[in-house]
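# A look at the structure
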Amino acid sequence: MPDHERGDGLTRRELLVSGAATVALACAGAPARREGAPPQKPGEPMDIVLVVNDERRALRIDPRSTLLDVLRENLGLTGTKKGCDMGQCGACTVLLDGMRIDSCLALAAQYDGRSITTIEGLAKGDALHPVQEAFLQEDAFQCGYCTPGQILSCIGFLREGGGASDAEIREGMSGNLCRCGAYPNIVAAVRGVRGRI
Amino acid sequence: MRQIAYDRASSVDDALRAGAQPAAAFLAGGTSLVDLMKLEVLNPARVVDVTRLDLSRIDPSTEGIRLGATATNAAVAAHPEVKRRFPVLSEALLSGASPQLRNMATVAGNLMQRTRCAYYRDLATRCNKREPASGCDALQGWTRMHAILGGSEHCIAAHPSDMCVALAALGATIHVRGPRGERDIPFADFHLLPGDHPEREFALDPGELVTSVFVPATPAAARSRYVKVRDRLSYAFALASCAACLAIEGGRIADARIALGGVGTKPWRSPEAERALAGQSPSPEAFHRAADLALRDARTRRDNAFKVELAKRTIVRALALVAEGA
(Lines give C-alpha, C1' and ligand atoms only; values in the text may rest on other atoms or scores of the structure.)
Protein backbone atom coordinates (compact mmCIF):
# COMPACT_ATOMS: atom_id res chain seq x y z
CA MET A 1 0.00 0.00 0.00
CA PRO A 2 1.44 3.43 -0.93
CA ASP A 3 2.28 5.47 2.16
CA HIS A 4 -0.13 8.30 1.27
CA GLU A 5 -3.13 5.98 1.05
CA ARG A 6 -3.25 5.05 4.71
CA GLY A 7 -6.20 6.68 6.42
CA ASP A 8 -4.73 6.88 9.92
CA GLY A 9 -2.02 9.42 9.11
CA LEU A 10 0.77 6.88 9.61
CA THR A 11 3.22 6.03 6.85
CA ARG A 12 4.05 2.39 6.28
CA ARG A 13 7.49 2.95 7.74
CA GLU A 14 6.10 4.66 10.87
CA LEU A 15 3.66 1.81 11.36
CA LEU A 16 6.45 -0.77 11.12
CA VAL A 17 8.61 1.24 13.50
CA SER A 18 5.87 1.67 16.10
CA GLY A 19 5.05 -2.04 15.87
CA ALA A 20 8.66 -2.92 16.59
CA ALA A 21 8.81 -0.46 19.48
CA THR A 22 5.80 -2.15 21.10
CA VAL A 23 7.57 -5.49 20.95
CA ALA A 24 10.70 -3.97 22.45
CA LEU A 25 8.72 -2.44 25.34
CA ALA A 26 6.85 -5.65 26.00
CA CYS A 27 10.04 -7.53 26.77
CA ALA A 28 11.87 -4.78 28.64
CA GLY A 29 10.89 -6.35 31.95
CA ALA A 30 12.17 -9.85 31.17
CA PRO A 31 14.83 -11.03 33.63
CA ALA A 32 18.44 -11.28 32.48
CA ARG A 33 20.02 -14.71 32.37
CA ARG A 34 21.81 -15.34 35.65
CA GLU A 35 25.44 -16.35 36.11
CA GLY A 36 25.60 -20.09 36.76
CA ALA A 37 22.10 -20.63 35.37
CA PRO A 38 21.63 -23.84 33.37
CA PRO A 39 22.96 -23.59 29.83
CA GLN A 40 20.62 -22.13 27.29
CA LYS A 41 19.01 -24.52 24.83
CA PRO A 42 19.45 -23.89 21.09
CA GLY A 43 16.82 -21.45 19.88
CA GLU A 44 15.75 -20.35 23.36
CA PRO A 45 15.16 -16.57 23.29
CA MET A 46 17.46 -14.36 25.30
CA ASP A 47 17.27 -10.90 26.78
CA ILE A 48 19.81 -8.23 26.02
CA VAL A 49 20.13 -4.49 26.43
CA LEU A 50 21.64 -2.31 23.74
CA VAL A 51 22.31 1.39 24.13
CA VAL A 52 21.36 2.59 20.67
CA ASN A 53 21.93 6.25 19.83
CA ASP A 54 22.14 7.01 23.58
CA GLU A 55 18.85 5.28 24.30
CA ARG A 56 18.64 2.10 26.39
CA ARG A 57 16.74 -0.60 24.52
CA ALA A 58 15.79 -3.87 26.23
CA LEU A 59 15.24 -6.64 23.72
CA ARG A 60 14.23 -10.28 23.62
CA ILE A 61 16.03 -11.85 20.67
CA ASP A 62 16.69 -15.13 18.93
CA PRO A 63 20.35 -15.81 19.86
CA ARG A 64 21.34 -16.08 16.19
CA SER A 65 20.16 -12.54 15.39
CA THR A 66 22.78 -10.27 13.95
CA LEU A 67 23.13 -6.74 15.23
CA LEU A 68 22.07 -5.58 11.76
CA ASP A 69 18.80 -7.52 11.89
CA VAL A 70 18.06 -6.40 15.45
CA LEU A 71 18.57 -2.75 14.49
CA ARG A 72 16.40 -3.05 11.42
CA GLU A 73 13.75 -5.58 12.42
CA ASN A 74 13.41 -5.23 16.21
CA LEU A 75 14.14 -1.52 16.55
CA GLY A 76 12.91 -0.29 13.18
CA LEU A 77 16.14 1.58 12.55
CA THR A 78 16.26 0.89 8.83
CA GLY A 79 18.91 3.51 8.08
CA THR A 80 21.53 0.81 8.55
CA LYS A 81 21.47 -1.10 5.26
CA LYS A 82 21.79 -4.76 4.39
CA GLY A 83 23.94 -5.05 1.28
CA CYS A 84 25.87 -8.29 0.90
CA ASP A 85 25.13 -9.59 4.43
CA MET A 86 28.58 -11.22 4.43
CA GLY A 87 31.03 -8.53 5.47
CA GLN A 88 32.10 -7.56 2.00
CA CYS A 89 30.32 -4.26 1.25
CA GLY A 90 30.18 -2.17 4.44
CA ALA A 91 26.59 -0.93 3.92
CA CYS A 92 25.81 -2.18 7.45
CA THR A 93 28.61 -0.20 9.14
CA VAL A 94 27.73 1.13 12.60
CA LEU A 95 29.82 2.48 15.46
CA LEU A 96 30.36 0.21 18.47
CA ASP A 97 31.52 2.38 21.38
CA GLY A 98 32.73 4.81 18.69
CA MET A 99 34.55 2.16 16.62
CA ARG A 100 33.29 1.14 13.16
CA ILE A 101 32.20 -2.47 12.64
CA ASP A 102 30.15 -4.46 10.12
CA SER A 103 26.88 -5.16 11.93
CA CYS A 104 25.97 -8.02 9.56
CA LEU A 105 28.68 -10.28 11.03
CA ALA A 106 28.06 -9.23 14.63
CA LEU A 107 25.84 -11.49 16.73
CA ALA A 108 23.70 -9.06 18.73
CA ALA A 109 24.05 -11.27 21.82
CA GLN A 110 27.75 -10.43 21.97
CA TYR A 111 27.06 -6.72 22.27
CA ASP A 112 24.77 -6.87 25.30
CA GLY A 113 25.29 -3.65 27.28
CA ARG A 114 27.35 -1.95 24.58
CA SER A 115 26.75 1.37 22.85
CA ILE A 116 25.78 1.47 19.19
CA THR A 117 25.55 4.54 16.95
CA THR A 118 23.58 4.34 13.72
CA ILE A 119 22.90 6.92 11.02
CA GLU A 120 19.69 7.88 12.89
CA GLY A 121 21.78 9.01 15.87
CA LEU A 122 24.04 11.50 14.13
CA ALA A 123 21.93 14.62 13.56
CA LYS A 124 21.07 16.85 16.52
CA GLY A 125 17.48 17.81 15.76
CA ASP A 126 17.56 19.53 12.39
CA ALA A 127 21.32 20.08 12.54
CA LEU A 128 23.09 17.46 10.47
CA HIS A 129 26.36 15.89 11.59
CA PRO A 130 29.37 17.51 9.84
CA VAL A 131 30.04 14.30 7.90
CA GLN A 132 26.42 14.26 6.67
CA GLU A 133 26.85 17.92 5.62
CA ALA A 134 30.09 17.07 3.83
CA PHE A 135 28.46 14.23 1.87
CA LEU A 136 25.66 16.60 0.80
CA GLN A 137 28.07 19.37 -0.08
CA GLU A 138 30.27 17.11 -2.25
CA ASP A 139 27.34 15.19 -3.78
CA ALA A 140 29.04 12.04 -2.47
CA PHE A 141 26.29 9.61 -3.42
CA GLN A 142 23.98 8.63 -6.21
CA CYS A 143 21.39 6.04 -5.18
CA GLY A 144 22.26 6.52 -1.50
CA TYR A 145 22.03 2.90 -0.41
CA CYS A 146 25.65 2.68 0.75
CA THR A 147 25.66 6.22 2.17
CA PRO A 148 24.75 5.54 5.83
CA GLY A 149 27.57 2.98 5.95
CA GLN A 150 29.95 5.36 4.19
CA ILE A 151 29.15 8.14 6.67
CA LEU A 152 29.58 5.95 9.76
CA SER A 153 32.77 4.51 8.28
CA CYS A 154 34.09 8.03 7.65
CA ILE A 155 33.45 8.98 11.30
CA GLY A 156 35.27 5.82 12.40
CA PHE A 157 38.14 6.51 10.01
CA LEU A 158 38.61 10.05 11.30
CA ARG A 159 38.44 8.90 14.93
CA GLU A 160 41.15 6.34 14.15
CA GLY A 161 43.34 9.24 13.05
CA GLY A 162 43.21 8.20 9.41
CA GLY A 163 45.66 9.84 7.02
CA ALA A 164 45.04 12.95 4.91
CA SER A 165 46.20 11.89 1.44
CA ASP A 166 43.69 10.67 -1.12
CA ALA A 167 45.48 7.30 -1.15
CA GLU A 168 45.13 6.99 2.63
CA ILE A 169 41.46 8.02 2.44
CA ARG A 170 40.77 5.44 -0.27
CA GLU A 171 42.52 2.72 1.72
CA GLY A 172 40.78 3.80 4.95
CA MET A 173 37.37 3.76 3.25
CA SER A 174 38.02 0.56 1.30
CA GLY A 175 35.61 -1.44 3.46
CA ASN A 176 32.66 0.45 1.92
CA LEU A 177 31.68 -0.35 -1.63
CA CYS A 178 29.59 2.03 -3.74
CA ARG A 179 27.91 0.36 -6.68
CA CYS A 180 27.15 3.73 -8.29
CA GLY A 181 30.85 4.57 -8.23
CA ALA A 182 30.62 7.87 -6.32
CA TYR A 183 34.14 7.32 -5.01
CA PRO A 184 35.76 10.59 -6.21
CA ASN A 185 33.11 12.62 -4.37
CA ILE A 186 33.23 10.37 -1.31
CA VAL A 187 36.99 10.95 -1.10
CA ALA A 188 36.34 14.69 -1.48
CA ALA A 189 33.78 14.62 1.33
CA VAL A 190 36.14 12.79 3.68
CA ARG A 191 38.98 15.14 2.76
CA GLY A 192 36.72 18.15 3.29
CA VAL A 193 35.44 17.18 6.72
CA ARG A 194 38.83 16.10 8.08
CA GLY A 195 39.75 18.11 11.16
CA ARG A 196 36.18 19.43 11.53
CA ILE A 197 34.86 16.70 13.86
CA MET B 1 21.48 -20.00 10.01
CA ARG B 2 20.44 -22.95 12.13
CA GLN B 3 19.32 -22.48 15.70
CA ILE B 4 22.01 -21.90 18.30
CA ALA B 5 22.43 -21.43 22.01
CA TYR B 6 24.61 -18.53 23.12
CA ASP B 7 26.94 -18.89 26.10
CA ARG B 8 28.97 -16.01 27.45
CA ALA B 9 32.03 -17.41 29.21
CA SER B 10 32.89 -15.74 32.52
CA SER B 11 36.37 -17.29 32.84
CA VAL B 12 38.67 -19.49 30.80
CA ASP B 13 37.63 -22.49 32.93
CA ASP B 14 33.99 -21.62 32.30
CA ALA B 15 34.73 -21.39 28.57
CA LEU B 16 36.40 -24.81 28.60
CA ARG B 17 33.40 -26.33 30.40
CA ALA B 18 30.97 -24.79 27.92
CA GLY B 19 33.23 -25.70 25.01
CA ALA B 20 33.13 -29.37 26.06
CA GLN B 21 29.40 -29.57 25.29
CA PRO B 22 28.28 -31.26 22.07
CA ALA B 23 28.74 -29.24 18.86
CA ALA B 24 30.05 -26.19 20.71
CA ALA B 25 32.27 -23.60 19.01
CA PHE B 26 34.24 -20.77 20.56
CA LEU B 27 33.19 -17.38 19.20
CA ALA B 28 35.33 -14.24 19.17
CA GLY B 29 34.93 -11.49 16.54
CA GLY B 30 32.55 -13.59 14.46
CA THR B 31 33.82 -12.31 11.10
CA SER B 32 34.60 -15.83 9.91
CA LEU B 33 32.37 -18.05 12.08
CA VAL B 34 29.13 -16.02 11.82
CA ASP B 35 29.63 -15.72 8.07
CA LEU B 36 30.00 -19.51 7.73
CA MET B 37 27.09 -20.16 10.09
CA LYS B 38 24.85 -18.03 7.87
CA LEU B 39 25.92 -20.13 4.88
CA GLU B 40 25.34 -23.27 7.00
CA VAL B 41 28.87 -24.41 6.22
CA LEU B 42 29.62 -24.49 9.95
CA ASN B 43 26.72 -25.47 12.17
CA PRO B 44 27.55 -25.30 15.87
CA ALA B 45 24.61 -25.92 18.19
CA ARG B 46 26.21 -23.66 20.79
CA VAL B 47 28.56 -20.70 20.53
CA VAL B 48 30.75 -19.87 23.50
CA ASP B 49 31.58 -16.16 23.46
CA VAL B 50 35.13 -15.62 24.75
CA THR B 51 35.31 -11.88 24.08
CA ARG B 52 34.55 -10.89 27.67
CA LEU B 53 37.50 -12.88 29.03
CA ASP B 54 40.73 -11.16 30.01
CA LEU B 55 42.50 -12.43 26.89
CA SER B 56 42.97 -9.26 24.86
CA ARG B 57 46.22 -7.96 26.29
CA ILE B 58 49.30 -7.28 24.20
CA ASP B 59 52.37 -7.75 26.41
CA PRO B 60 55.80 -6.80 25.06
CA SER B 61 58.92 -8.08 26.83
CA THR B 62 62.61 -8.19 25.97
CA GLU B 63 62.12 -11.75 24.63
CA GLY B 64 59.26 -10.84 22.31
CA ILE B 65 55.61 -9.98 22.45
CA ARG B 66 52.60 -11.97 23.69
CA LEU B 67 49.38 -11.32 21.80
CA GLY B 68 46.18 -12.11 23.68
CA ALA B 69 43.82 -14.39 21.79
CA THR B 70 41.06 -11.78 21.62
CA ALA B 71 43.24 -8.76 20.86
CA THR B 72 41.72 -7.33 17.70
CA ASN B 73 43.59 -7.29 14.40
CA ALA B 74 43.34 -3.48 14.51
CA ALA B 75 44.83 -3.29 18.02
CA VAL B 76 47.76 -5.56 17.15
CA ALA B 77 48.47 -3.72 13.88
CA ALA B 78 48.47 -0.33 15.62
CA HIS B 79 50.54 -1.37 18.65
CA PRO B 80 53.77 0.70 18.67
CA GLU B 81 55.94 -2.26 19.75
CA VAL B 82 54.51 -4.42 16.96
CA LYS B 83 55.20 -1.68 14.42
CA ARG B 84 58.74 -1.15 15.68
CA ARG B 85 59.92 -4.70 16.39
CA PHE B 86 57.69 -6.79 14.08
CA PRO B 87 56.77 -4.51 11.14
CA VAL B 88 55.88 -7.51 8.94
CA LEU B 89 53.07 -8.42 11.35
CA SER B 90 51.57 -4.93 11.36
CA GLU B 91 51.81 -4.71 7.55
CA ALA B 92 50.26 -8.13 7.07
CA LEU B 93 47.34 -7.31 9.35
CA LEU B 94 46.72 -3.96 7.66
CA SER B 95 46.71 -5.63 4.24
CA GLY B 96 43.91 -7.97 5.30
CA ALA B 97 40.13 -7.49 5.31
CA SER B 98 38.68 -3.99 5.85
CA PRO B 99 39.01 -1.51 8.73
CA GLN B 100 35.57 -2.53 10.04
CA LEU B 101 36.49 -6.23 10.02
CA ARG B 102 39.89 -5.58 11.62
CA ASN B 103 38.08 -3.82 14.48
CA MET B 104 36.16 -7.06 15.11
CA ALA B 105 38.50 -9.88 14.09
CA THR B 106 40.86 -11.28 16.70
CA VAL B 107 44.26 -12.98 16.83
CA ALA B 108 42.81 -16.42 17.59
CA GLY B 109 39.95 -15.98 15.16
CA ASN B 110 42.43 -15.14 12.43
CA LEU B 111 44.42 -18.31 13.26
CA MET B 112 41.20 -20.33 13.01
CA GLN B 113 39.71 -18.67 9.92
CA ARG B 114 38.59 -21.06 7.22
CA THR B 115 39.50 -21.09 3.59
CA ARG B 116 37.71 -18.80 1.15
CA CYS B 117 37.57 -21.58 -1.47
CA ALA B 118 34.30 -20.88 -3.31
CA TYR B 119 33.45 -24.59 -3.31
CA TYR B 120 33.86 -24.85 0.47
CA ARG B 121 31.38 -22.01 0.86
CA ASP B 122 28.81 -23.37 -1.60
CA LEU B 123 26.60 -26.18 -0.29
CA ALA B 124 25.60 -27.08 -3.87
CA THR B 125 29.13 -28.31 -4.65
CA ARG B 126 31.28 -31.15 -3.37
CA CYS B 127 33.96 -30.33 -0.81
CA ASN B 128 36.06 -32.75 1.24
CA LYS B 129 36.78 -30.09 3.81
CA ARG B 130 33.12 -29.33 4.44
CA GLU B 131 31.78 -32.85 3.92
CA PRO B 132 34.53 -35.47 4.40
CA ALA B 133 34.98 -37.91 1.50
CA SER B 134 32.35 -36.20 -0.65
CA GLY B 135 34.82 -35.18 -3.36
CA CYS B 136 36.33 -31.89 -4.50
CA ASP B 137 34.78 -29.78 -7.22
CA ALA B 138 37.69 -27.34 -7.12
CA LEU B 139 40.13 -29.77 -8.75
CA GLN B 140 38.41 -29.51 -12.14
CA GLY B 141 36.83 -26.16 -11.39
CA TRP B 142 37.76 -22.48 -11.38
CA THR B 143 41.13 -22.41 -9.63
CA ARG B 144 42.39 -18.84 -9.91
CA MET B 145 42.29 -18.44 -6.12
CA HIS B 146 43.56 -21.93 -5.26
CA ALA B 147 46.80 -23.19 -3.78
CA ILE B 148 49.80 -24.38 -5.79
CA LEU B 149 51.78 -25.60 -2.77
CA GLY B 150 50.74 -28.19 -0.21
CA GLY B 151 47.66 -29.48 -2.03
CA SER B 152 46.51 -33.08 -2.29
CA GLU B 153 44.21 -35.00 -4.62
CA HIS B 154 41.46 -34.24 -2.09
CA CYS B 155 41.87 -30.50 -1.54
CA ILE B 156 43.67 -27.48 -3.02
CA ALA B 157 41.99 -24.77 -0.94
CA ALA B 158 44.29 -21.83 -0.21
CA HIS B 159 44.79 -20.58 3.31
CA PRO B 160 43.35 -17.04 3.35
CA SER B 161 45.19 -15.33 6.21
CA ASP B 162 47.77 -12.57 5.94
CA MET B 163 48.50 -12.43 9.68
CA CYS B 164 49.37 -16.13 9.70
CA VAL B 165 51.93 -15.68 6.93
CA ALA B 166 53.76 -13.10 9.07
CA LEU B 167 53.50 -15.30 12.18
CA ALA B 168 54.85 -18.30 10.22
CA ALA B 169 57.89 -16.28 9.15
CA LEU B 170 58.38 -14.95 12.67
CA GLY B 171 58.32 -18.45 14.19
CA ALA B 172 55.49 -17.74 16.64
CA THR B 173 54.19 -20.16 19.26
CA ILE B 174 50.52 -20.73 20.00
CA HIS B 175 49.48 -21.20 23.61
CA VAL B 176 46.36 -23.26 24.21
CA ARG B 177 44.36 -24.46 27.20
CA GLY B 178 42.15 -27.49 27.17
CA PRO B 179 40.45 -30.10 29.31
CA ARG B 180 43.87 -31.72 29.90
CA GLY B 181 45.85 -28.59 30.71
CA GLU B 182 48.00 -26.08 28.84
CA ARG B 183 50.49 -26.51 26.03
CA ASP B 184 52.43 -24.63 23.38
CA ILE B 185 52.13 -25.46 19.68
CA PRO B 186 54.87 -24.28 17.28
CA PHE B 187 53.30 -22.18 14.52
CA ALA B 188 54.45 -24.54 11.77
CA ASP B 189 52.54 -27.42 13.41
CA PHE B 190 49.28 -25.58 14.07
CA HIS B 191 47.76 -25.67 10.58
CA LEU B 192 47.55 -29.12 8.97
CA LEU B 193 48.12 -29.99 5.32
CA PRO B 194 44.96 -31.35 3.69
CA GLY B 195 46.44 -34.75 2.76
CA ASP B 196 43.78 -37.46 2.95
CA HIS B 197 41.77 -35.53 5.54
CA PRO B 198 41.11 -31.94 4.46
CA GLU B 199 38.45 -31.69 7.18
CA ARG B 200 41.20 -31.78 9.81
CA GLU B 201 42.56 -28.27 9.75
CA PHE B 202 44.16 -27.58 13.12
CA ALA B 203 46.41 -29.41 15.59
CA LEU B 204 43.92 -28.68 18.36
CA ASP B 205 42.35 -31.38 20.51
CA PRO B 206 38.59 -31.23 21.08
CA GLY B 207 37.71 -28.44 23.49
CA GLU B 208 41.10 -26.71 23.36
CA LEU B 209 41.05 -22.91 23.38
CA VAL B 210 43.79 -20.64 22.01
CA THR B 211 44.66 -18.18 24.79
CA SER B 212 47.65 -16.31 23.33
CA VAL B 213 50.34 -16.23 20.67
CA PHE B 214 53.98 -15.51 21.50
CA VAL B 215 56.20 -13.90 18.89
CA PRO B 216 59.94 -14.06 19.61
CA ALA B 217 62.00 -10.91 19.05
CA THR B 218 64.92 -11.37 16.66
CA PRO B 219 67.04 -8.99 14.59
CA ALA B 220 65.36 -10.40 11.46
CA ALA B 221 61.90 -9.72 12.91
CA ALA B 222 62.74 -6.06 13.32
CA ARG B 223 63.82 -5.86 9.66
CA SER B 224 60.84 -7.31 7.90
CA ARG B 225 58.21 -6.50 5.28
CA TYR B 226 54.97 -7.91 3.90
CA VAL B 227 54.12 -7.64 0.22
CA LYS B 228 50.70 -8.68 -1.01
CA VAL B 229 49.46 -8.88 -4.60
CA ARG B 230 45.72 -9.07 -5.25
CA ASP B 231 43.07 -8.47 -7.88
CA ARG B 232 42.30 -4.98 -6.58
CA LEU B 233 44.28 -2.46 -4.60
CA SER B 234 42.64 -3.14 -1.26
CA TYR B 235 40.16 -5.40 0.54
CA ALA B 236 40.85 -8.62 -1.37
CA PHE B 237 42.47 -11.95 -0.62
CA ALA B 238 46.03 -12.53 -1.81
CA LEU B 239 46.88 -14.01 -5.17
CA ALA B 240 50.38 -14.16 -3.75
CA SER B 241 51.98 -12.58 -0.71
CA CYS B 242 55.32 -12.78 1.03
CA ALA B 243 56.53 -12.10 4.55
CA ALA B 244 60.28 -11.55 4.45
CA CYS B 245 62.62 -11.00 7.40
CA LEU B 246 66.38 -10.49 7.07
CA ALA B 247 69.17 -10.02 9.57
CA ILE B 248 72.23 -8.68 7.78
CA GLU B 249 75.65 -8.66 9.49
CA GLY B 250 78.83 -7.47 7.82
CA GLY B 251 77.14 -7.36 4.43
CA ARG B 252 75.98 -11.00 4.69
CA ILE B 253 72.57 -12.47 5.46
CA ALA B 254 72.83 -13.93 8.96
CA ASP B 255 69.19 -14.97 9.25
CA ALA B 256 66.43 -15.14 6.64
CA ARG B 257 62.75 -15.94 7.14
CA ILE B 258 60.37 -16.31 4.24
CA ALA B 259 56.72 -17.28 4.26
CA LEU B 260 54.12 -17.12 1.49
CA GLY B 261 50.40 -16.46 1.39
CA GLY B 262 47.77 -17.01 -1.31
CA VAL B 263 49.67 -19.95 -2.79
CA GLY B 264 49.70 -22.55 0.00
CA THR B 265 47.10 -24.77 1.62
CA LYS B 266 48.54 -23.46 4.90
CA PRO B 267 50.65 -20.41 5.78
CA TRP B 268 53.68 -21.47 3.74
CA ARG B 269 57.12 -21.07 5.25
CA SER B 270 60.00 -21.92 2.93
CA PRO B 271 63.03 -23.41 4.72
CA GLU B 272 64.64 -24.10 1.30
CA ALA B 273 64.59 -20.43 0.38
CA GLU B 274 65.81 -19.44 3.84
CA ARG B 275 68.76 -21.86 3.68
CA ALA B 276 69.71 -20.61 0.22
CA LEU B 277 69.94 -17.05 1.51
CA ALA B 278 71.96 -17.78 4.65
CA GLY B 279 75.52 -16.47 4.35
CA GLN B 280 74.86 -14.77 0.98
CA SER B 281 75.22 -11.09 0.35
CA PRO B 282 71.81 -9.58 -0.33
CA SER B 283 71.58 -9.31 -4.12
CA PRO B 284 68.92 -9.71 -6.81
CA GLU B 285 70.63 -12.96 -7.91
CA ALA B 286 70.44 -14.43 -4.41
CA PHE B 287 66.81 -13.35 -4.07
CA HIS B 288 65.86 -14.91 -7.44
CA ARG B 289 67.59 -18.16 -6.47
CA ALA B 290 65.67 -18.27 -3.20
CA ALA B 291 62.40 -17.54 -5.01
CA ASP B 292 63.00 -20.37 -7.49
CA LEU B 293 63.60 -22.79 -4.62
CA ALA B 294 60.47 -21.66 -2.75
CA LEU B 295 58.27 -22.50 -5.75
CA ARG B 296 60.17 -25.61 -6.86
CA ASP B 297 57.41 -28.01 -5.79
CA ALA B 298 54.52 -25.90 -7.10
CA ARG B 299 51.73 -27.86 -8.78
CA THR B 300 49.43 -25.70 -10.85
CA ARG B 301 45.91 -26.16 -12.23
CA ARG B 302 44.08 -24.72 -15.21
CA ASP B 303 43.63 -21.16 -13.91
CA ASN B 304 46.52 -20.62 -11.51
CA ALA B 305 49.77 -21.33 -13.37
CA PHE B 306 50.46 -17.57 -13.29
CA LYS B 307 50.89 -17.80 -9.52
CA VAL B 308 54.32 -19.44 -9.83
CA GLU B 309 55.92 -16.43 -11.50
CA LEU B 310 53.80 -14.00 -9.47
CA ALA B 311 54.88 -15.58 -6.18
CA LYS B 312 58.54 -15.54 -7.23
CA ARG B 313 58.36 -11.86 -8.08
CA THR B 314 56.56 -11.15 -4.82
CA ILE B 315 59.37 -12.87 -2.89
CA VAL B 316 62.08 -10.96 -4.75
CA ARG B 317 60.25 -7.69 -4.20
CA ALA B 318 59.74 -8.33 -0.47
CA LEU B 319 63.40 -9.27 0.01
CA ALA B 320 64.56 -6.23 -1.97
CA LEU B 321 62.39 -3.94 0.17
CA VAL B 322 63.86 -5.40 3.36
CA ALA B 323 67.41 -5.12 2.03
CA GLU B 324 66.81 -1.50 0.90
CA GLY B 325 65.60 -0.63 4.37
CA ALA B 326 68.81 -1.98 5.91
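Residues numbered from 1 in each chain as written. Chains lettered and ligands numbered in written order. Predicted model: local features only at pLDDT ≥ 70, side-chain atom pairs only at ≥ 80, totals over all residues.

Here the focus is the nonpolar core. One finds Leu-89, Ala-166, Leu-167, Leu-170, Ala-243 and Ile-315 of chain B to be the most contacted residues of the largest nonpolar core, which totals 157 residues. Not counting the four nearest positions on each side in its chain, Leu-89 of chain B is found in contact with Val-76, Val-82, Ala-166, Leu-167, Leu-170 and Val-215 of chain B. (Core = buried A, V, L, I, M, F, W, Y, C linked by C-beta atoms within 7 Å. Buried ≥ 20, exposed ≤ 12 C-beta atoms within 10 Å, placed from the backbone. Contact = placed C-beta atoms within 7 Å.)

It is worth spelling out the sheet that holds strand S1 (residues 46-52) of chain A at this point. Residue and element names in this part refer to chain A. With respect to topology, five strands assemble into an open sheet ordered S2-S1-S5-S3-S4, the strand pairing being mixed. A strand with exactly one partner marks an edge of an open sheet, and here the two such strands are strand S2 (55-61) and strand S4 (99-102). For this sheet, the mean angle separating the axes of adjacent strands, direction not counted, is 40°. Two elements, S1 and S2, share seven bridges in a ladder whose sense is antiparallel. Looking at the pairing, Leu-50 lines up with Arg-57 of S2. Along the sheet face, helix H4 (residues 147-159) touches strand S3 (93-96) and S4 and points at about 35° away from the line of S3. (Pairing = 2+ DSSP bridges. Helix = DSSP H or I, 4+ residues; strand = E, 2+ residues; numbered from the N terminus. Axes fitted to C-alpha atoms, helices over the stretch in contact; angles between N-to-C directions.)

Another aspect to go through is the packing of helix H3 (residues 130-137) of chain A against helix H6 (residues 183-193) of chain A. Residues and elements named next belong to chain A. Where H3 meets H6, the axes come as close as 8 Å, and the angle between the chain directions of the two elements is 135°. With respect to their mutual orientation, H3 and H6 come out oblique. Read as a crossing pair, H3 and H6 show a hand that is right-handed. Contacts from Pro-130, Val-131, Ala-134, Phe-135 and Gln-137 of H3 reach H6 at Ala-189, Gly-192 and Val-193. Classifying every residue of the contact of H3 with H6 gives six nonpolar, two polar and no charged. (Parallel < 35°, antiparallel > 145°, perpendicular 65-115°, else oblique. Left-handed = near helix turned anticlockwise from the far one by under 90°. Nonpolar A, V, L, I, M, F, W, Y, C, P; charged D, E, K, R; others polar.)

This part is about the domain arrangement of chain A. All names here are of chain A. By the assigned domains, chain A splits into domain 1 (3-121) and domain 2 (130-193). Counting residues at the interface gives 15 residues for domain 1 and 13 residues for domain 2. Broken down by secondary-structure element, the contributors of at least two residues to the side of domain 1 that touches domain 2 are S3 and S4. Looking at the side of domain 1 that touches domain 2, the element that brings in the most residues is S3, giving three residues. Here the side of domain 1 that touches domain 2 is composed, by residue class, of seven nonpolar, six polar and two charged. (Domains from an automatic or database assignment.)

Residue and element names in this part refer to chain B. With respect to burial, strand S5 (residues 64-68) is a largely interior element, four of its five residues being buried. Sheet analysis places strand S4 (residues 58-60) next to S5, joined by three bridges and oriented antiparallel. Counted as the bridge partner of Asp-59 is Arg-66 from S5. Count of turn residues in the S4/S5 antiparallel hairpin: three residues.

Looking now at the interface of chain A and chain B. With 30 residues of chain A in contact, the opposing surface of chain B contributes 25 residues. The set of elements that each furnish at least two residues to the side of chain A that touches chain B consists of S4, H4 and helix H5 (166-172) of chain A. Sorting elements by how many residues they give to the side of chain A that touches chain B places S4 of chain A first, with four residues. Tallied by class, residues from the side of chain A that touches chain B come to 12 nonpolar, 11 polar and seven charged.

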